[in-house]
Every structure is written in C-alpha cells, then in structure tokens.
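Architecture at a glance
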Amino acid sequence: MAKPISPPEETDDNDPTLESLAARLGKPEPGILEALLDGTTESQLVERGRQIASSRVLTDLRRLYATAHACWSGASKEKREKLRGFSPELLALAVEQALALERLLEAHESAGQKKDAARATTDAALRERLSRALLLRDQAYEVLRGVAGSGKAAREELAQAVGTAEDPGALARGLTQLAALGKRYLAQKKGPLAVRAKLMRLDQDYVERLEETGKELTQAAKTAAARPAGQKVTSGDLDRADGINLILLEQIVRVFERANEQDPSIPRLVPIATRRLFSRSTRKKATETSGGGGGGAAGSGSAGSGGAGGAPPDEEDPLEGDDAVV
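Residues numbered from 1 in each chain as written. Predicted model: local features only at pLDDT ≥ 70, side-chain atom pairs only at ≥ 80, totals over all residues. Heavy atoms only, no water.

Secondary-structure assignment places Trp72 in helix α4 (residues 54-74). Using a relative accessible area of 16% as the deciding quantity, one classes Trp72 as buried. As a C-alpha pair, Trp72 and Leu83 span 11 residues in sequence and 8.5 Å in three-dimensional space. Every residue in contact with Trp72, bar those within four places of it in the chain, is listed here: Arg80, Leu83, Phe86 and Pro88. (Helix = DSSP H or I, 4+ residues; strand = E, 2+ residues; numbered from the N terminus. Buried < 20%, exposed > 50% of the residue type's maximum accessible area, 1.4 Å probe, protein only. Contact = heavy atoms within 4.5 Å.)

Quick look at the structure:
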C-alpha cells in the first residue's frame, strides 16, 4: 500500500512577506552563496533562469518560504531531525536572494516603463515636426511655383525639388532642395523672375526657414530612431538571479519532500507557478508501489528493494543529477 501523502500546504493572505521573513531570519553570513554555487558556472545559472519569467519564480518563493519558515518555527526536535538538509541559515540566504531578485525585477520594469515613455515623447515630437514641415513644404511649393512662372522646364525642376514625404528623411530633403531653388531665384536681381519673387514675398529669411526646418526634422527623426542607452538591469542579470533562486528553491523543496515521506504531517512545498521546472519523484513512487500489486520484494524488479521505500532516491528522482533541469 502506498504511503499516505499529506496535501500541499495551504497559505493565506496573512503569510509573512519576504521583508518580514528577512527581518526574522537575519542576514546570512558572507561567503555562503559563493560556497553553495561553487562549481556552477555563470552560463549555467543564466541558462537555468532563462527558462521561466522572474515574476513566476517570485510567486512561488514568497509562498513556499513562508510555509517553510512556519513549519520550522513550530517543529519539534524530532521533526527538525527529519528536515536534515534544511536550516534557518539556508532559508535566510534564500530569502535574501529572493529579495535581490525582486529588486532587480522592479528596476528592470521601471526602466522599461521609462523607455516606453521616452519613446512616446520622441514619437510625438517627430509627428509634430512632420506635420509642421509638411505644411511648410506645401506652402513653399506654391510660393516657388509662382516665382518660377509657367515655363515647362521650370515646373519640372520644381517638381523634382519638392520630392516626396514618404518618410522624414525624404521630406527633409525636399525642404533643403526647395531652399536651394529659392536661393537661385533670389540670386536674380533683375528681370521677370525677380519681379515675381518680390510679388510672392520670397526672401532670404524664408529660404533660411526652409533650411532650418529640414535640419530640425532630420534631427528629430534620428532621435526617434536612436535606442536608449543600455538599461542598468539587463535580461541576463535577471536570468542569472532566477537561476540562483531556482537552485535554492530546489534544495529546500527536496528536503521537505524527503521529510514528508518520513512524516506526512510535515508539509510538502509544492511549486505552482514554477511547477513545469520541477520533476517530483513522489508520483512515480506512488505509481510503482501501487503497481507492484503485493508481489513483495521478490517481484519488485530491483534487487534488495523489498522495503516499502522502493529504490534509493538517487535512482528514481530526476532531480538528483547536478546537471538536471531544475
């Protein structure tokens, strides 16, 4: 008969926060994290953390660490003996790293919001300049059309200069080319063209205004297209922090799993938000035990496994390998 398994722990809104847990547990001693991660490379941490969103990791950390602390605080000496592999110092380190991840995520999201706001501002500024530049270009076309006269060559030259407004760069080039054409017209001090320029009020100030608007539009387009400076908190930073927290969570979850097998009154710590990263052996144990039908030790298919516990943990727990996915 399969060993009874206690239900997953239940939590409520009164669970202590990570901050309150940190205050109760105190700050871990320096060097503990480095000792725990000894032999684990940076790339392994990042790869492990890349598998899941930081917010989901934090969801389980807040819930499960509160349960672990409550269980340890109220545990008898006998229960604490069954929780070998767990200690307040380990939980203090885990809580500290959870808070560090929380701060990193907040900084990352805040930077993203500022980036979006900055992008919206530059886009709005570009749209405003585009609108004003387009109105000025159309006005300049009419002014220069009146100055150019009705000659076919002059009209074709003007049409070539005005160009298109398919993008900010094209519109800026059109303004610059119209300004250059206006300068040529103003260079003629006598004759019909000079008379028409005076009638249309084409002067040096207006030509310079066309040039300046073209330059401003070009700069606005560059600003809108430029990417903001690198964020202080990168995705790689978050992935590394996720990896560290998953390693600590795995250790604590496994200890409580083994303790629950000895004493069902000790709660299991069941990941929910991160459950796809955890492969538990309990279901397999229950299935193997019930599937054995009463065949006893002789029919178990594993030499020397006649006890109720089945095969040793390292033979049936896919999390035992150091290189296994969390």
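There is more to say, and it comes next.
Next up on the list: the packing of helix α1 (residues 18-25) against α4. Direction vectors running N to C along α1 and α4 enclose 35°, while the axes themselves pass 10 Å from each other. Judged by the twist between their axes, the crossing of α1 over α4 is left-handed. Touching Leu18, Leu21, Arg24 and Leu25 of α1 are Leu61, Arg62, Tyr65, Ala66 and His69, all from α4. Among the residues making up the contact of α1 with α4, the classes are represented as 6 nonpolar, 1 polar and 2 charged. (Axes fitted to C-alpha atoms, helices over the stretch in contact; angles between N-to-C directions. Left-handed = near helix turned anticlockwise from the far one by under 90°. Nonpolar A, V, L, I, M, F, W, Y, C, P; charged D, E, K, R; others polar.)

Once that is clear, we can look at a nonpolar patch on the surface. A surface patch of nonpolar side chains, amounting to about 300 Å² of accessible area, comprises Val195, Leu199 and Met200. With respect to the helices and strands, the residue Val195 is situated in helix α9 (residues 192-199). (Patch = residues over 30% accessible without salt bridge, like charges linked within 9 Å, V, L, I, M, F, W, Y side chains within 5 Å. Areas by Shrake-Rupley, 256 points an atom, 1.4 Å probe, with all protein chains shown as cover. Salt bridge = Lys/Arg side-chain N within 4 Å of Asp/Glu carboxyl O.)

In this section: the pattern of salt bridges. Tallied over the entire structure, the rule returns 15 salt bridges. With a shortest N-O distance of 3.0 Å, Glu216 and Arg129 are connected by a salt bridge. Taken together, the residues Glu216 in helix α10 (residues 204-225) and Arg129 in helix α6 (residues 88-148) connect sequence positions 87 residues apart. The residue Arg258 makes a salt bridge to Glu261 at a minimum N-O spacing of 3.3 Å.

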